[in-house]
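The primary structure of each chain is shown beneath.
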There are 2 protein chains.
Amino acid sequence: MKIIKKIYEIWEGALEEKGHEPVLFPVVIPPENFEMEKEHVEGFTPEVFWVTEAGGDKLTVKLALRPTSETAFYQMYNLWIRSYTDLPLKSYQSCAVYRHETKATKPLVRGREFLWIEAHDAFATEKEAREQVAQDMEITKKVLYDALGIPFIFFKRPSWDKFKGAEETYAADSLMPDGKLLQLPSTHYFAQRFSKPFDIKFEDSDGNKKYVHTTSYGPPIWRTVAALVMVHGDDRGLVLPFAVAPVQVVIVPILYKGKEKAVAEKCKKIVDVLGREGIRVKLDDSDKNPGEKYYYWEMKGVPIRLEIGPRDVSEGVVVAVRRDTGSKEKVKDEKLAERLTEIADDTLKNLRERAEKRMMGSIKKAATLKEIEKIVETGIAKVNFCSTDATGEACAEKIKEIGGEVRGTWFGKDDDVNPLGSSPTTNVSRNNDGVNPKGCVVCGKKAKCVVYVGRAY
Amino acid sequence: MKIIKKIYEIWEGALEEKGHEPVLFPVVIPPENFEMEKEHVEGFTPEVFWVTEAGGDKLTVKLALRPTSETAFYQMYNLWIRSYTDLPLKSYQSCAVYRHETKATKPLVRGREFLWIEAHDAFATEKEAREQVAQDMEITKKVLYDALGIPFIFFKRPSWDKFKGAEETYAADSLMPDGKLLQLPSTHYFAQRFSKPFDIKFEDSDGNKKYVHTTSYGPPIWRTVAALVMVHGDDRGLVLPFAVAPVQVVIVPILYKGKEKAVAEKCKKIVDVLGREGIRVKLDDSDKNPGEKYYYWEMKGVPIRLEIGPRDVSEGVVVAVRRDTGSKEKVKDEKLAERLTEIADDTLKNLRERAEKRMMGSIKKAATLKEIEKIVETGIAKVNFCSTDATGEACAEKIKEIGGEVRGTWFGKDDDVNPLGSSPTTNVSRNNDGVNPKGCVVCGKKAKCVVYVGRAY
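Criteria and thresholds
The residue numbers shown here count from 1 along each chain, following its written sequence. By the order in which they are written, chains take letters starting at A while ligands take numbers starting at 1. Side-chain atom pairs in this predicted model are given and counted only at pLDDT of 80 or more, local residue features only at pLDDT of at least 70, and totals for whole chains, interfaces and linings cover all residues. To obtain the side-chain values, all non-hydrogen atoms of the structure were included, while hydrogens and water were left out. Strands are runs of DSSP state E lasting at least two residues, helices are runs of H or I lasting at least four, and both sets are numbered from the N terminus onward. In this scheme, a residue with accessible area under 20% of its type's maximum is buried, one over 50% is exposed, and one in between is partly exposed, where area comes from a 1.4 Å probe on protein chains only. Contacts were defined at the residue level, with two residues in contact if any of their heavy atoms lie within 4.5 Å. Residue-level accessible areas treat just the shown protein chains as cover; the underlying method is Shrake-Rupley with a 1.4 Å probe. DSSP bridges decide pairing: two strands pair if at least two such bridges lie between them. Here the axes come from fitting lines to C-alpha atoms, over the contacting stretch only for helices, and the angles between their N-to-C directions go from 0 to 180 degrees. By convention the crossing between two helices is left-handed if the near helix lies anticlockwise of the far one by an angle smaller than a right angle, and right-handed if it lies clockwise. Any residue that is not Ala, Val, Leu, Ile, Met, Phe, Trp, Tyr, Cys, Pro, Asp, Glu, Lys or Arg is counted as polar, Gly included; the first ten are nonpolar and the last four charged. Only the six-membered ring of Trp is used, alongside the rings of Phe and Tyr, when aromatic pairs are assigned; centres must lie within 6.5 Å, and planes under 30 degrees apart are stacked while those over 60 apart are edge-to-face, with the rest tilted. We superpose the copies by least squares over the C-alpha atoms of residues that have a pLDDT of at least 70 in both of them. Buried area is a sum: the accessible area each of two parts loses on coming together, probed at 1.4 Å, counted once for each and added. Salt bridges are counted wherever a side-chain nitrogen of Lys or Arg sits within 4 Å of a carboxyl oxygen of Asp or Glu. Remark: nonpolar core denotes a set of buried residues (Ala, Val, Leu, Ile, Met, Phe, Trp, Tyr, Cys) joined through side-chain atoms within 4.5 Å. Definitions used throughout: a 1 Å grid over protein atoms alone; a cavity as a set of points that fits a 1.4 Å probe which cannot get out; a pocket as an open set with protein on both sides within 12 Å along at least five of seven lines; a lining residue as one with an atom within 4 Å of a point. Grid points are joined across faces, edges and corners, and a volume is the space filled by probe spheres set on the points. Per-residue confidence from the predictor is reported as pLDDT, which spans 0 to 100. When the sulfur atoms of two cysteines come within 2.5 Å, that pair is taken as a disulfide. Any helix carries an expected span of 1.5 Å times its number of residues minus one. The arc in question is formed by the directions pointing from the helix axis toward the C-beta atoms. Here a polar contact is recorded for every N or O atom pair within 3.5 Å, except that within protein the pair must consist of a potential hydrogen donor and a potential acceptor, and residues adjacent in sequence are included only if both atoms are side-chain atoms.

When helices and strands are counted, chain A shows 13 helices and 21 strands. Seen through its principal axes, chain A has C-alpha atoms that stretch 80 × 65 × 50 Å. Residues counted as buried form 54% of the 457 residues belonging to chain A. In chain A, the share of contacts with a sequence separation of at least 24, taken over all contacts with a separation of at least 6, comes to 71%. On chain A, roughly 20,300 Å² of surface is accessible, and the fraction owed to carbon and sulfur atoms is 51%.

Residue and element names in this part refer to chain A. Here we have five strands laid out as an open sheet, ordered E14-E13-E15-E16-E17, and mixed in their pairing. The two strands at the open ends of the sheet, each matched to only one other strand, are strand E14 (281-283) and strand E17 (328-332). Ignoring strand direction, the axes of neighbouring strands in this sheet form an average angle of 25°. Summarising the sheet, strand E15 (residues 304-308) and strand E16 (residues 317-322) pair through four bridges and their orientation is antiparallel.

The strand order across the open sheet built from six strands is E2(A)-E4(A)-E3(A)-E3(B)-E4(B)-E2(B), with neighbouring strands paired in antiparallel fashion. If you trace the sheet from one side to the other, it starts and ends with strand E2 (28-29) of chain A together with strand E2 (28-29) of chain B, each paired once. Note that strand E3 (residues 49-54) of chain A and strand E4 (residues 57-65) of chain A share four bridges and pair antiparallel. Across the sheet, the residue bridging to A:Trp50 is A:Ala64, located in E4(A).

It is worth spelling out the packing of helix H1 (residues 2-17) of chain A against helix H5 (residues 126-147) of chain A at this point. Residues and elements named next belong to chain A. In contact at an axis separation of 9 Å, H1 and H5 are set at 145° when each is read in the N-to-C sense. As for how H1 packs across H5, the hand of that crossing is right-handed. Contact with H1, carried on its side by Ile 10, Trp 11, Ala 14, Leu 15 and Glu 17, involves Ile 139, Lys 142, Val 143, Leu 144 and Ala 147 of H5 and no other residues of that element. Within the contact of H1 with H5, the residues separate by chemical class into eight nonpolar, no polar and two charged.

A few words on the packing of aromatic side chains. Under the criterion given, the structure shown has 38 aromatic pairs over all chains. Consider the rings of B:Phe34 and B:Trp50, whose centres lie 6.2 Å apart with planes at 85°: the pair is edge-to-face. Taken as a pair, B:Phe34 in helix H2 (residues 31-34) and B:Trp50 in strand E3 (residues 49-54) lie far apart in primary sequence, 16 residues in all. For the pair shown, B:Phe34 and B:Trp50 are each scored as buried. Within the aromatic cluster, the residues linked to one another by ring pairs are A:Phe25, A:Phe44, A:Phe73, A:Tyr74, A:Tyr77, A:Trp80, A:Phe163, A:Phe190, A:Phe194 and A:Phe198.

Turning to the relation of the copies chain B and chain A, a few remarks are in order. Rotating chain B by 180° about the axis while translating it 0.0 Å along that axis superimposes it on chain A, leaving an RMSD of 0.0 Å. Expressed as a symmetry operation, the mapping of one chain copy onto the other fits a two-fold axis. The rotation axis passes nearest to the C-alpha of B:Val51 in chain B, at a distance of 2.1 Å. The share of interface residues of chain B whose copies in chain A are also at the interface is 100%, consistent with both copies meeting through the same surface.

Residues and elements named next belong to chain A. Pairing between strand E7 (residues 153-156) and strand E20 (residues 405-410): two bridges, direction antiparallel. Note on E20: the bridge partner recorded for Phe 155 is Trp 410. Taken together, the three bridges between E20 and strand E21 (residues 449-456) define a ladder with antiparallel strand orientation. Across the sheet, residue Gly 408 finds its bridge partner in E21, namely Tyr 452.

Let us look at unusual backbone geometry. Residues and elements named next belong to chain A. Cis geometry is found at the peptide bond from Leu 87 to Pro 88, where omega equals -10°. Counting through the fold element by element, Pro 88 comes out in the loop between helix H4 (70-80) and strand E5 (89-98). The phi dihedral of Leu 108 is positive, around 70°, even though this residue is not glycine. Among the secondary structure elements, Leu 108 is positioned in the loop between E5 and strand E6 (113-123).

Chain B puts 30 residues into the contact, and the matching count from chain A is 30 residues. Interface of chain B and chain A: buried area, both sides summed, is about 2,400 Å²; carbon and sulfur atoms make up 58% of it. There are eight salt bridges connecting chain B and chain A. The shortest N-O distance in the salt bridge between B:Lys62 and A:Glu53 comes to 2.9 Å. The set of elements that each furnish at least two residues to the side of chain B that touches chain A consists of helix H1 (2-17), strand E1 (21-22), E3, strand E4 (57-65), strand E5 (89-98) and strand E6 (113-123) of chain B. Among the elements that line the side of chain B that touches chain A, the one with the most residues is E3(B), at six residues. Of the residues belonging to the side of chain B that touches chain A, the class tally is 18 nonpolar, four polar and eight charged. The pairing of E3(A) with E3(B) spans five bridges and is antiparallel. Across the sheet, A:Val51 pairs through a bridge with B:Val51, a residue of E3(B).

Here we come to the nonpolar core. Counting residues in hydrophobic clusters, the biggest one holds 114 residues, and the most contacted among them are A:Trp11 and B:Trp11. When near neighbours in sequence (up to four residues on either side) are disregarded, A:Trp11 contacts A:Ile117, A:Ile139, A:Val143, A:Leu144, A:Pro185, A:Tyr217, A:Pro219, A:Ile221 and A:Thr224.

Let us now look at empty space enclosed by the protein. Counted according to the given criterion, the structure contains two cavities of 30 Å³ or more. Lining the largest cavity are 13 residues, and of these B:Glu298, B:Val302, B:Arg305, B:Val321 and B:Arg323 lie nearest its centre. Sorting the residues of the lining of the largest cavity by element identifies helix H8 (290-299), strand E15 (304-308) and strand E16 (317-322) of chain B as the ones contributing at least two each. With three residues, H8(B) is the single largest residue contributor to the lining of the largest cavity. Its residues placed into classes, the lining of the largest cavity shows seven nonpolar, one polar and five charged. Lining the second largest cavity are A:Thr68, A:Glu70, A:Trp116, A:Glu118, A:His120, A:Phe163, A:Ser186, A:His188, A:Ser216, A:Tyr217 and A:Gly218. Secondary-structure elements contributing two or more residues to the lining of the second largest cavity are E6, strand E9 (180-191) and strand E12 (213-218) of chain A. For the lining of the second largest cavity, the per-class residue count stands at three nonpolar, six polar and two charged.

What follows is about the confidence of the model for chain A. In this model, chain A carries a mean pLDDT of 94, and residues with pLDDT of at least 70 account for 96%. Taken over the whole predicted complex, pTM reads 0.94, whereas the ipTM for its chain interfaces reads 0.93.

Inspection of the entire model under this criterion finds zero disulfides over all chains. A:Cys95 supplies the cysteine sulfur nearest to B:Cys95, a cysteine that is in no disulfide, at a spacing of 13 Å.

Helical geometry note: an α-helix holds 3.6 residues per turn, so side chains three or four residues apart project in the same direction. Residue and element names in this part refer to chain B. Across its 17 residues, helix H7 (residues 260-276) extends 25 Å between first and last C-alpha, which sits within 8% of the 24 Å expected from 1.5 Å per residue. Of the positions making up H7, those classed as buried are Val 263, Lys 266, Cys 267, Ile 270 and Leu 274. The buried residues of H7 occupy an angular sector of 105° when the element is viewed end-on, so they sit on one face. H7 presents Lys 261, Lys 268, Lys 269 and Arg 276 as exposed residues on the side facing more than 90 degrees away from its buried surface. Elements that come into contact with the buried residues of H7 comprise strand E13 (249-253), strand E14 (281-283), E15, helix H9 (310-315), E16 and helix H10 (336-361). Positioned one or two residues after H7, Gly 278 has a phi angle of 80°, which is positive.

This part is about the pattern of salt bridges. Under the criterion given, the structure shown has 78 salt bridges over all chains. Across the pair B:Arg157 and B:Asp161 runs a salt bridge whose closest N-O atoms are separated by 3.7 Å. Salt bridges linked by common partners bring A:Asp234, A:Arg236, A:Glu298, A:Arg305, A:Glu307, A:Arg323 and A:Lys328 together as one network.

What follows deals with the environment of A:Trp116. Residues and elements named next belong to chain A. Within the secondary structure, Trp 116 sits in strand E6. For Trp 116, a relative accessible area of 9% translates into the label buried. Taking the C-alpha atoms as reference points, Trp 116 and Pro 185, separated by 69 residues in sequence, lie 9.3 Å from one another. Among all residues touching Trp 116, those that are not within four sequence positions of it are Tyr 8, Pro 67, Thr 68, Gln 93, Ser 94, Cys 95, Val 97, Arg 99, Gly 218, Pro 219, Pro 220 and Ile 221. Polar side-chain contacts of Trp 116 include one of 3.4 Å to the side chain of Glu 118.

Printed below as a string of structure tokens:
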């Protein structure tokens, strides 16, 4: 929960910096709101929990536990937005949402209750709304990549995998060490799909009434924790980036008989010094032996451990041990805070590079279903594909049969329609399972796009 | 919502300082948990919302939307607590809870969904649990009184007004300017009433298995906002203490033709200077005239307004205006941050003293129902009362008929059993409605205690 609170703080800060204001809407949504947008209600209805009783009595109207809150926000946007001077309107709420997941649930990854942030924005023009989608991606980078060292790729989801009610959905996938992709934030361009049924109009500067364009952005807080655990963790436990570590530096005194006092004093002094620098420091002066303490705090993911023994007192140094690499160094007392900040930065850089190398290095071209099947065991397959419109769904189903999911086109990447390049591999030129390497990897028909395929959580 | 976030921050900080750790439990509680403590389930059942359907289907087991979370926490405390070394266990969660209120709901005061914090603590001994109750009162003082200037009195609630399932309930009441009392945090000593049905036992240092003693503490976040609005606000709008003001200082430039540039530059410089000091400062450089800006930011409760015109530029000063008193003063540029902090402190002191004087000054002794009726129109009546055990409930009902509620005995106050003192007033000695002034104000029987009566939200 402490990590979750830190992640919220970072994400809320990034949203507020870009002009979002915090709000909170009720946990329940009346059906008449919920049912306003056809695709949305059809998509979410199978997952909605309903509150139907209070005390001993049936409620006159049953109420939906919010699975997402577009239809709560938009009822108020209808009232709040009158003029172009009210735009853009950018609000977010930090809350739990509820979905009756039928797939196997997994802690932090897929739950029937989960913590997230949802930002709902309204704009005068399509252009501004699309710029918001790009800004949502920037915010994602600032939090996941810059602060937490988690790499990701924003894919434009195929039409059959869009958020229900969205015109377009862009979702950030990150590769987990087991070779599966975890969807992290997604951002959606709704065009006027919600503003029309909710009648959200504004008087423009030209005097005409127009419908707003809306977007929504959903950073999943629990899944971010899941990504931190899986992407950076190792066999000894968590490895936390400095920014979200509840304890950033742990001090373990190394006591020798008769010299306890000097060590204890130095430990306390360092707690004070680091505390004043705003570092979250913990002195473990429990009765456990140092080895047990190392084991315990490594499991908790504390980025830096300081070991302080009698010799360190006389030499005016401490021994700093990095959680990510295990490397040790002696640091002079007077340089400590400064050096710890450097180690923290370097740890983050190392975690990020390691994860990014793994993810980017896992991407391999595939020309056949068989190749896809092999590649997605550990990573991401890049393939020619007929279409991400509804016409391509049948081919995506074929890929699903061998365990892969079409995650979409790589947003902002200038992918050739032929990922195999001008000289297909021998394997492909043999074309041994009847697939045309220059066409869709499944049907062989003219490929309109390059898509990425992986196994998914 | 920004004020709410600040209040959460202050309260969570105060709880963590006293050893509480953040957690989060599910929003739903299965009936077998919820029904574990008899008084608790009987007390809350009339108010519980039930989730009974998901998708199109009935759930096998209907689930209670948490009205409070003792029965969620204790299921886990049963698993987490094994030994005396696991104690005390002190956790809190910041969340919304849900109660089907049947009295008229009021924004921020009585809602079917409301934000609060709930701390649930377990101890080895009754003594430690009772010390926690006292510590909860200290935490309340630190937040409400010290940081927000809201005075309160902790009353020990009569047995008929306890939290359902509690052995004892202590609740902080604050007087609103309309003469009604608003209940703010409450803290409950549960003895072993929950630990027995939930089988929460620990092995003590003497080797024996014992049931823990538990307490809970519930700071209401929305009601704290309500108290801020009502206690400190005036006819021009909110008056916010510095600690929770989203904008602490607003700068309004006073522009004269030809001298705009120097003023604008000074304003920007001051934004930078104050920002670096960690002050939340807002420059209102909109097109509205200064009067409109004053009006707007006063309504929002901004504690300090700075007016900067051409003369202030040449004199090296700014004009600071206090929201609470409206008083103006010239402050030298180089003293600004320091002086603003003083004004903020002084504002808080003034708000606190004003509210405290009103509340404490409203307490008047009453010897008859008629006197109570008069006193509770604007304040709090202090009366002799037969008993706060069940035997006194009939007398409390009589008081209710004239609009007053028995709020309980003043915790920690050494009240004489005869609040009228040794020489009853003439009015009372006349005893004109048959009440024995030295006995219970209602039944005239021997008074066991002095209680306080008020109208309540």
